[in-house]
Amino acid sequence: MARRSRKQAVQVNMDSDEEFTFSSEEDEDFEDERLHFEDRIDPVEDTNEFEDDSDQKPVAKRAKKTLSWKAETDADMNPKPWRFLPAREPGPQLSLADSHSPLSLFRLFFSETTVSNLCHNTNAQAARALAKGRKYSWTDVSADEMYRYIGLVFYMATVKMSCIADYWRQHSIFSMPFPATVMSRDRYRTISWNVHLSHPDADKENDKKRGTAEHDRLFRIKPLMDTIRLACKAFYHPRRNLAVNERFVACRANAEMARYMKAKPTKVGFKFFVLTDSSNGYTVDLSVYAGKNSFPTGHGISYDAVMSLLDKKVLGSGYHVYMDDFYTSPKLLTDLLAMKFGACGTYRDYRRGFPQSASNSLTKKSTRGSIRWIRDGPLVCVKWMDKKEVSVCSTIHAAYKGDRVKRKVKAKDTWKTKIFPCPAPVTAYNHHMAGTDLSDQLLQYYTVKHKTMKWYRKVFLHFLDIAATNAFILHTELHGNMTRKEFMEQLTADLCGASQKAAPKQTSSDHVPVPGAELTSDVRNIATTGRRMCVHCKTVRGKKQQTPWKCQACDVQLCLQLNRNCFQEWHKGL
């Protein structure tokens, strides 16, 4: 005679006819209850010799009883709550007594060291482009100039125009005088073309490894991405409720990394896995999905993505994590529970490990507000009929606590408000998953994203969005005296070194003719180098005349000849 294995399912003939499954990995809180049930079970003889006796039947052939769904009228146990023990005091990790400007908070994410490294890589990329024969003038960009460039990027996110050139258009009712005072249009364009997050020589070495396990698809964005991730975790510690979700950055430039999501508003782009604070939308951590080999642990993308964002040493314990049906699985929730992280999320009915029983389950004819639930140890699976069936699994909630929700219902051509019962996991999920919506909403208000030719520059713009949004949330937590618009306007002005109070005025001394390009040492080409089409001739006279001269302040090509002084005509209105 031998006792059954501890991992073997045990059936107890109780009123509910439920099946209890125990394993050696269960929580200690259920150990006493497990031993109590095992003592009530008769041992089964471990032998392969069975006589042809109808009274004796092998265990393997016994009919397995399935779990039965319970209704909201059945009482459920309240899970034991974990004590919330964060590694640091939740909130901004900055002194409340100090005054923090938008610029100082933004520089927490884009520090002098980070921007200097960005300038070094950008200058190296420009030198490489010129060596390949690119035809534009270039001088090395400094950290101060890079901050001004970022300020113009934020300015364009605040003041929308149809194309970049429109910000430097002159003598029009739609003219923008400010960008020309920060830097010329050509300088802005050349910096945009050459912005680089990693060193070009290191990129070349990484590209040689393409097709091997050593090749890193994220190599071009990793230096800045690691800096942003560290800053997000260093200067803010999240509160108890966290949300995990994916975020899409629209881009078609990299076929290896771009993903297609039919159900998303942005259907093609890069997938980011993001951990946010549900209370304010702060981006706590992120990772970029680079393909099937991004998380080579063998547990699946959804499992590994969540585990990569939750570091117990950094966060602490006792957190509640909310997620959607892409991530939720019984293994993930039980493993998070072993780390002392509670979890709740919608789930897909066909996913392995979730109840498949049809006994007393919801049907298409079930009335709105109907609730069914099954508890299997620490996991409770709940089904709720709203407009359609909703399935949620949780380790931190009871199935039903008497919560109610209001819904608009049409009856006899009139809309009426009715109250329906709602499961506790569904109520908590709707409340705390709103943190991801808030995060995405804040990012989209003044997003700097625009079309780029290189995929890593699109990711660079997204990092600017994250830095500005997190800086705004920190400012709100510390001071709370600025709207998002006021914050972005002040940040843009500080980055550009300008004042918001009055538009900058150009004096007549600024409007002087200068060569349109650097002078060449070849005397034979000195009169033809840098010749561009005269703006005044084209717009007023309808002719295409080229000239080597331009206005220093307006940054437009203008004729300057004895019989055709377009420079003077252009500036009569100033």
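Residues numbered from 1 in each chain as written. Predicted model: local features only at pLDDT ≥ 70, side-chain atom pairs only at ≥ 80, totals over all residues. Heavy atoms only, no water.

Enquirer: Quick one: what's the story with the packing of helix H4 (residues 143–158) against helix H15 (residues 484–496), residue by residue and with numbers?
Expert: Running from amino to carboxyl end, H4 crosses H15 at an angle of 150°, the nearest separation of the two axes being 7 Å. The angle between the axes of H4 and H15 places the two elements in the roughly antiparallel class. The way H4 lies across H15 gives a crossing that is left-handed. In this structure, H4 uses Tyr147, Arg148, Ile150, Gly151, Leu152, Phe154, Tyr155 and Thr158 to contact H15, whose residues at the interface are Met488, Glu489, Leu491, Thr492, Leu495 and Cys496. Across the contact of H4 with H15, the residue classes break down as 9 nonpolar, 3 polar and 2 charged. (Axes fitted to C-alpha atoms, helices over the stretch in contact; angles between N-to-C directions. Helix = DSSP H or I, 4+ residues; strand = E, 2+ residues; numbered from the N terminus. Parallel < 35°, antiparallel > 145°, perpendicular 65-115°, else oblique. Left-handed = near helix turned anticlockwise from the far one by under 90°. Contact = heavy atoms within 4.5 Å. Nonpolar A, V, L, I, M, F, W, Y, C, P; charged D, E, K, R; others polar.)

Enquirer: So what's going on with the pairing of strand S16 (residues 389–394)? Which residues, and what values?
Expert: Looking along a regular strand, one sees side chains alternate from face to face of the sheet. Pairing between strand S13 (residues 342–346) and S16: 3 bridges, direction antiparallel. Residue pairing for S16: Cys344 is matched across the bridge by Ser394. Where strand S15 (residues 379–385) and S16 come together, 6 bridges link them in antiparallel fashion. What sits directly across from Lys383, in S16, is Ser391. Linking two consecutive strands that pair antiparallel, namely S15 and S16, is a turn of 3 residues. (Pairing = 2+ DSSP bridges.)

Enquirer: Please provide a residue-by-residue account of empty space enclosed by the protein, values included.
Expert: Tallying each qualifying case throughout the model produces 4 cavities of 30 Å³ or more. What the second largest cavity holds in volume is close to 50 Å³. In terms of lining, the second largest cavity is formed by Asn245, Glu246, Arg247, Val274, Thr276, Thr436, Ser439 and Asp440. Secondary-structure elements contributing two or more residues to the lining of the second largest cavity are strand S7 (241–250), strand S9 (268–277) and helix H13 (434–445). Within the lining of the second largest cavity, the residues separate by chemical class into 1 nonpolar, 4 polar and 3 charged. (1 Å grid on protein atoms, 1.4 Å probe; cavity = no way out; pocket = protein on both sides within 12 Å on 5 of 7 lines; lining within 4 Å. Points joined across faces, edges and corners; volume = space filled by probe spheres on them.)

Enquirer: Break down the environment of Ile374 for me, citing the residues and quoting the values.
Expert: Note on placement: Ile374 falls in strand S14 (residues 371–376). According to the relative accessible area criterion, Ile374 is buried, its value standing at 5%. Setting aside anything within four residues of it in sequence, one finds Ile374 in contact with Leu67, Ser68, Trp69, Pro355, Leu379, Val380 and Cys381. (Buried < 20%, exposed > 50% of the residue type's maximum accessible area, 1.4 Å probe, protein only.)

Enquirer: Help me get a handle on the packing of H4 against helix H14 (residues 455–478), residues and values and all.
Expert: Where H4 contacts H14, the axes come no closer than 12 Å and their chain directions differ by 80°. Classified by the angle their axes make, H4 and H14 are roughly perpendicular. Of the residues in H14, those in contact with Ile150, Val153 and Phe154 of H4 are Leu461, Leu464 and Ala468. Its residues assigned to classes, the contact of H4 with H14 comprises 6 nonpolar, no polar and no charged.

Enquirer: I'd love a proper account of the pairing of S13, names of residues and values included.
Expert: For S13, a buried count of 5 out of 5 residues is recorded, marking the element as mostly surrounded by other parts of the structure. With burial as the criterion, each face of S13 is covered, one bearing Gly342, Cys344 and Thr346 and the other bearing Ala343 and Gly345. In the sheet, strand S12 (residues 320–323) pairs with S13 via 4 bridges, with the strands oriented parallel. Across the sheet, Val321 pairs through a bridge with Ala343, a residue of S13. Taken together, S12, helix H11 (residues 330–338) and S13 constitute a β-α-β crossover, and its handedness is right-handed. (Right-handed = clockwise from strand over helix to strand, strands pointing away.)

Enquirer: Describe the confidence of the model for the protein chain, with residues and values.
Expert: Counting all residues, the mean pLDDT for the protein chain is 83, and 82% of those residues have values of 70 or more. Note on residues 1–64: pLDDT is under 50 here. Beyond four places in sequence and across chains, it has 60 contacts. (pLDDT = per-residue confidence, 0-100.)

Enquirer: Got a sec to walk through the packing of aromatic side chains? Specific residues and values, please.
Expert: Inspection of the entire model under this criterion finds 18 aromatic pairs. Relative to Phe154, the ring of Phe106 has its centre 5.6 Å away and its plane inclined at 85°; by these criteria the two rings are edge-to-face. Highlighted residues: Phe106 in helix H2 (residues 102–106) and Phe154 in helix H4, separated in sequence by 48 residues. Note on accessibility: Phe106 and Phe154 belong to one class, buried. Plain terms: the ring middles of Phe273 and Tyr289 are 6.1 Å apart, the flat faces sit at 70° to each other, and that makes the pair edge-to-face. (Phe/Tyr/Trp six-rings, centres within 6.5 Å; stacked < 30°, edge-to-face > 60°.)

Enquirer: Which residues make up the pattern of salt bridges, and what values do they have?
Expert: Evaluated as defined, the whole model comprises 20 salt bridges. Note that Arg247 is salt-bridged to Asp440, the shortest N-O span being 3.3 Å. Pair noted here: Arg247 is in strand S7 and Asp440 is in helix H13, with a separation of 193 residues, a long-range link. Judged by relative accessible area, which is 7%, Arg247 ranks as buried. Residues joined by salt bridges that share partners form a network here, namely Asp203, Asp207, Arg210 and Arg220. (Salt bridge = Lys/Arg side-chain N within 4 Å of Asp/Glu carboxyl O.)

Enquirer: Break down H14 for me, citing the residues and quoting the values.
Expert: For H14, which comprises 24 residues, the first-to-last C-alpha distance of 35 Å matches the rise-based estimate of 34 Å (1.5 Å per residue) to within 8%. Counting buried residues in H14 gives 22 out of 24 residues, a clear majority hidden from the surface. Phi turns positive, to about 65°, at Gly480, one or two residues after H14. (Expected span 1.5 Å × (residues − 1).)

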